[in-house]
Amino acid sequence: MRQVLKAMPALPLLIALLALMVYMSPFYRTVPGLMIFLQRAAPLVVLACGTSFVLIAGGFDLSLGSLITLVAIAGAMITQGDAALTAPAVAAVFAIGLVVGTVNGIVVAYVKVPSIITTLGTLLSVQGIAMAWSGGAPSSTLPENFRYLGRGRIHDVPVLGSLPVSVIVLVLVWAMTHWLLHRTNFGSMVFMLGDNPKAALLAGVPTRRVRVACFVISSLTAVIAGLLLGGYSGVSVDVGGDYALQAIAAAVIGGIVLLGGRGTIAGAASGALALYALFTVLNLFGVSEPVRLAVQGLILIAAAAFTARR
Amino acid sequence: MAQTGLIRALLRAGTLIALLLAMCGVTWAQVANVNVDKEFAEQMALMKAKPNGPADKPWEQWFDANLKDTSSYAKKGPYHLCFSNAGLGNAWRVTGWITMQAEVELDKDKIASFDHADGQSNDNKQISDIQSFINGGKCDALIVSPNTSAALTPVVEQACKHMPVVTFDRSVNTPCPVTAVRSIGGYAWGAAGAQFIVKNIPKGGKVLVLRTAPGIDVFETRWTAADKIFKDAGVDVVGNEFVGGDRAKTKAIVTDYITRIGQIDAVWVDLGTVSVAAAEAFQDMGMPYPVITGEDEQDYLQAWQKDGFKGFASTYPAYQWRTAVQATLKILEGKPVPAPEWILPQPVITKDNLAKFVNAKLSPLHFSMCGCEDMPGFPERWGGKK
């Protein structure tokens, strides 16, 4: 039990929020209701898992939100609503993610620009590209098959009834990032890098390449989150804008230490679920947007303080 | 982290205050200039009135029979027309612009040239566009679709001294254009959907209102009218949210309302773009559809037909882009035109005439009240498939 808590410090908070959520809304007492909760939380969970690599390696990735926007817009601009063009569009958005991640990584690792500045710059550039490409308003929609990941459902699943595809994506990304961070040599190098970069270098860790890889993983999860989010709700010029900070917040609530070296994927994922449960509970209380932001801020500070004290 | 959260919250608060200030300014201006009740009553009367002109060509129809003599503008053709466009910033304008170009081609024996300038949704750009048309001295007449009324007024007044001017969509604050083409108006638009809702939900039913942004004239008139209808009918407006025309935000907000309130009886929108996202929220939650109002965009019409919810589309007809060209030609030929305003009918789409407007071959963002079905190149030219 103690070990579980150590890996997932957000677990008590998550359980409390889920209990409150279920208590308040009959809708969330049903299996489909919980599935919809998971479906809506999926982009944030995926993103928190990916950005954990950058955080644990001792950096920040602020460019994720605008990358999500670009993914949704690129999907619409490339396909122009034509289902036959979905495959090239998906390939293209993954290529975009790869490029953005590599650029972030190279600038941070080789040019030695602090990651918070680098990714802030990328955030603005990517946002600019998305705005210029769409002309400020998306002029087309995403075809149904492009939206499958975010909106599709598998019917007639035992126990669950119907299973949103997003939930499968969530579980897969969780499992893969968990394996990568906790079960591979690469994962241990990420921890070493975040703990003490000099020591890692002396120990023979290819620190620059590991750092680049962390940014690439982070960007690729942003692409997946973009596919989920765009799929769930369609194109919009500012879809995903808030997500970079929310993902970092989720990771902090989940026990990932901001200066690097400590944290788990299970922690980040449970932190993301707790944060999304918090949004849901605030909504169920009927809290208006400004108050919601304020409450959200207070709870974040509390969570960060709690994590720091441990 | 605490810091970034705080900064973000502060930024949000700042934006909110700025928005509130902007809102106050606009509301004041409206109160000073417009008699809401009178305009509302006029528009409601027009929705019931019978327009003049051919019934099968609503873009040639008009209300009020005052025709203005334009013989003083008569000229020998073919004509050089100039068009200053506010911009192509949304799908409605794209549909309209294609329709307008098709209309110019239909009249090619009368039109020697058709120059157009794209204002890129920027007042300054459009002002300089119009100035170069005036200075170029080539235009026989000028068509203007103003980006904003007040900013464009002086330059349009200047243009009026050199050639006949026709405005459409938005107008300018001067009577100098020969005529201003428009449809009935925002009050009628908003009221029509609200009346449909009142008729189709139980008394005291729950309505969710989705609006675009505060302080924009066209949206304020739509909501003012709907609000009046809802209040008179004792409808329970459970939420009134600004979604900025954003489908993603719309779906999230509607989903939030469903989890909080449960079944909602109707969703009223002030912009058809978000209707499909609202419908999706109910579909994905496995809830029965409520009444969902919308506009004449294909994706909404198709979803309405396919999913079978109770729909209703108010329209802001894109066929006025055709009318503007036809009006200009009439003026140059010295034929009388309705003036100072050419008020076009503003049809609604109900389940009875829905089939006429649904066309799966068209692109999802095509506006069906374009009056373009019989034009050459339909539907491919409008982004549709053969």
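So, how was this worked out
- Residues numbered from 1 in each chain as written.
- Chains lettered and ligands numbered in written order.
- Predicted model: local features only at pLDDT ≥ 70, side-chain atom pairs only at ≥ 80, totals over all residues.
- Heavy atoms only, no water.
- Salt bridge = Lys/Arg side-chain N within 4 Å of Asp/Glu carboxyl O.
- Helix = DSSP H or I, 4+ residues; strand = E, 2+ residues; numbered from the N terminus.
- Buried < 20%, exposed > 50% of the residue type's maximum accessible area, 1.4 Å probe, protein only.
- 1 Å grid on protein atoms, 1.4 Å probe; cavity = no way out; pocket = protein on both sides within 12 Å on 5 of 7 lines; lining within 4 Å.
- Points joined across faces, edges and corners; volume = space filled by probe spheres on them.
- Nonpolar A, V, L, I, M, F, W, Y, C, P; charged D, E, K, R; others polar.
- Contact = heavy atoms within 4.5 Å.
- Buried area = accessible area lost by both parts, 1.4 Å probe.
- Pairing = 2+ DSSP bridges.
- Axes fitted to C-alpha atoms, helices over the stretch in contact; angles between N-to-C directions.
- Disulfide = S-S within 2.5 Å.
- Phe/Tyr/Trp six-rings, centres within 6.5 Å; stacked < 30°, edge-to-face > 60°.
- Lys NZ or Arg CZ within 6 Å of the ring centre and 35° of its normal.
- Patch = residues over 30% accessible without salt bridge, like charges linked within 9 Å, V, L, I, M, F, W, Y side chains within 5 Å.
- Areas by Shrake-Rupley, 256 points an atom, 1.4 Å probe, with all protein chains shown as cover.
- Expected span 1.5 Å × (residues − 1).
- Arc of directions from axis to C-beta.
- Core = buried A, V, L, I, M, F, W, Y, C linked by side-chain atoms within 4.5 Å.

Caption draft 1: Main features of the pattern of salt bridges. As enumerated under the stated definition, the model contains 22 salt bridges over all chains in all. Here Glu280 of chain B and Arg147 of chain A are joined by a salt bridge, their closest N and O atoms 2.7 Å apart. Pair noted here: Glu280 of chain B is in helix H9 (residues 275-284) and Arg147 of chain A is in the loop between helix H6 (115-134) and helix H7 (148-151), and the two residues belong to different chains. Here Glu280 of chain B falls in the buried class, since its relative accessible area comes to 8%. Across the salt bridge formed by Glu341 of chain B and Arg182 of chain B, the nearest N and O atoms sit 2.9 Å from each other. Here the residue Glu341 of chain B occupies a position in strand E13 (residues 341-344), and Arg182 of chain B occupies one in strand E6 (residues 179-183), the gap between them amounting to 159 residues. One salt-bridge network, held together by shared partners, links Glu144, Arg147 and Arg151 of chain A together with Lys251, Glu280 and Asp284 of chain B.

Caption draft 2: Broad picture of the layout of surface pockets. Here the second largest pocket is characterised by a volume of approximately 1,200 Å³. What lines the second largest pocket is a set of 46 residues, and nearest its centre among them are Thr141 of chain A together with Asp299, Gln302, Ser363 and Pro364 of chain B. Breaking the lining of the second largest pocket down by element, the ones donating at least two residues are helix H3 (91-106), H9 and helix H10 (298-307) of chain B. The element that contributes the greatest number of residues to the lining of the second largest pocket is H10 of chain B, accounting for six residues. Considering only residue class, the lining of the second largest pocket consists of 18 nonpolar, 17 polar and eleven charged.

Caption draft 3: Region of interest: the interface of chain B and chain A. Listed per partner, the contact involves 22 residues of chain B and 37 residues of chain A. For the pair chain B and chain A, the summed buried area comes to about 2,600 Å², and 56% of that belongs to carbon and sulfur atoms. Joining chain B to chain A, the criterion identifies four salt bridges. Across the salt bridge formed by Arg40 of chain A and Asp256 of chain B, the nearest N and O atoms sit 3.0 Å from each other.

Caption draft 4: Expanded view of the sheet that holds strand E10 (residues 291-294) of chain B. All names here are of chain B. In spatial order, the strands read E8-E7-E9-E10-E11-E14; together these six strands make up an open sheet with mixed pairing. In the strand order of this sheet, the two ends are held by strand E8 (236-242) and strand E14 (348-349), each with one partner. Here strand E7 (residues 206-211) pairs with E8 via six bridges, running parallel. Looking at E8, one finds that Val207 is bridged to Val237. The strands touched by H10 are E10, strand E11 (311-314) and E14; relative to E11, the strand with the most contacts, the crossing angle is about 160°.

Caption draft 5: View of the state of the cysteines. All chains considered together, the criterion is met by three disulfides over all chains. Here Cys160 of chain B pairs with Cys176 of chain B through a disulfide, and the sulfurs are 2.0 Å apart. Torsion about the S-S bond of the Cys160 of chain B and Cys176 of chain B cystine: about 65°, corresponding to right-handed handedness. Of this pair, Cys160 of chain B sits in helix H5 (residues 149-160) while Cys176 of chain B sits in the loop between strand E5 (165-168) and E6, placing them 16 residues apart in sequence. Two residues share a disulfide in this structure: Cys370 of chain B and Cys372 of chain B, whose sulfurs sit 2.0 Å from each other. Disulfide Cys370 of chain B-Cys372 of chain B: the torsion about the S-S bond is -65°, which places it as left-handed. What makes Cys370 of chain B buried here is its relative accessible area of 0%. Judged by relative accessible area, which is 0%, Cys372 of chain B ranks as buried. Residue Cys49 of chain A stays outside any disulfide, its sulfur separated by 14 Å from that of Cys214 of chain A, the closest cysteine. By relative accessible area, Cys214 of chain A is classed as buried at 1%.

Caption draft 6: Quick peek at H9 of chain B. In terms of burial, H9 of chain B is largely enclosed, as nine of its ten residues are buried. All buried positions along H9 of chain B are accounted for by Ser275, Val276, Ala277, Ala278, Ala279, Glu280, Ala281, Phe282 and Asp284 of chain B.

Caption draft 7: Summary view of the sheet that holds strand E3 (residues 111-118) of chain B. All names here are of chain B. With parallel pairing, the six strands of this open sheet are ordered in space as E3-E2-E4-E5-E6-E13. Of all the strands in the sheet, just E3 and E13 have a single pairing partner and so form its edges. Shown here is a sheet whose adjacent strand axes are inclined to one another by a mean of 20°, direction ignored. As paired strands, strand E2 (residues 79-85) and E3 are joined by seven bridges and run parallel to one another. Within the sheet, the bridge partner assigned to Cys82 lies in E3 and is Asp115.

Caption draft 8: Structural detail: the packing of aromatic side chains. With the rule as written, the count across this model stands at 22 aromatic pairs over all chains. Geometrically, the ring pair formed by Phe27 of chain A and Tyr28 of chain A is edge-to-face, given 5.3 Å between the ring centres and 70° between the ring planes. Grouped by ring-pair contacts, the aromatic residues Phe83, Trp92, Trp97, Phe114, Phe168, Tyr316 and Trp321 of chain B constitute a single cluster. When the ring centre of Phe40 of chain B is taken as origin, the NZ or CZ atom of Lys228 of chain B, which lies over that ring, is 5.2 Å away.

Caption draft 9: Focus on the packing of helix H8 (residues 165-182) of chain A against helix H13 (residues 265-284) of chain A. Residues and elements named next belong to chain A. Running from amino to carboxyl end, H8 crosses H13 at an angle of 145°, the nearest separation of the two axes being 9 Å. Within the contact between the two elements, H8 uses Trp174, Thr177, His178, Leu181 and His182 and H13 uses Ile265, Ala266 and Ala269. Taken together, the residues of the contact of H8 with H13 break down into five nonpolar, three polar and no charged.

Caption draft 10: A nonpolar patch on the surface, seen in detail. A cluster of nonpolar side chains, contributed by Tyr148, Ile154, Ile168 and Leu172 of chain A, occupies part of the molecular surface with about 350 Å² of accessible area. Positionally, Ile154 of chain A belongs in strand E1 (residues 153-157).

Caption draft 11: How the structure looks around the side chain of Gln326 of chain B. Residues and elements named next belong to chain B. Inspection of the secondary structure puts Gln326 in helix H11 (residues 320-332). The exposure class assigned to Gln326 is buried, which follows from its relative accessible area of 15%. Sequence-distant contacts of Gln326, defined by excluding residues within four places in its chain, comprise Trp59, Glu60 and Glu103.

Caption draft 12: Seen up close, helix H2 (residues 11-24) of chain A. All names here are of chain A. Helix length check: H2, at 14 residues, gives a terminal C-alpha distance of 20 Å against a target of 20 Å (1.5 Å per residue), a fit within 8%. Residues of H2 that are buried: Leu11, Leu14, Leu17 and Met21. Viewed end-on, H2 has its buried residues packed into an arc of 130°, placing them on one side of the element. H2 presents Ile15 and Tyr23 as exposed residues on the side facing more than 90 degrees away from its buried surface.

Caption draft 13: Structural context of the nonpolar core. Val190 and Leu275 of chain A together with Leu210 of chain B are the most contacted members of the largest nonpolar core, which has 111 residues in total. With 15 residues, H13 of chain A is the single largest residue contributor to this core. With 75 residues, the next largest nonpolar core counts Phe168, Trp189, Phe357 and Met369 of chain B among its residues.

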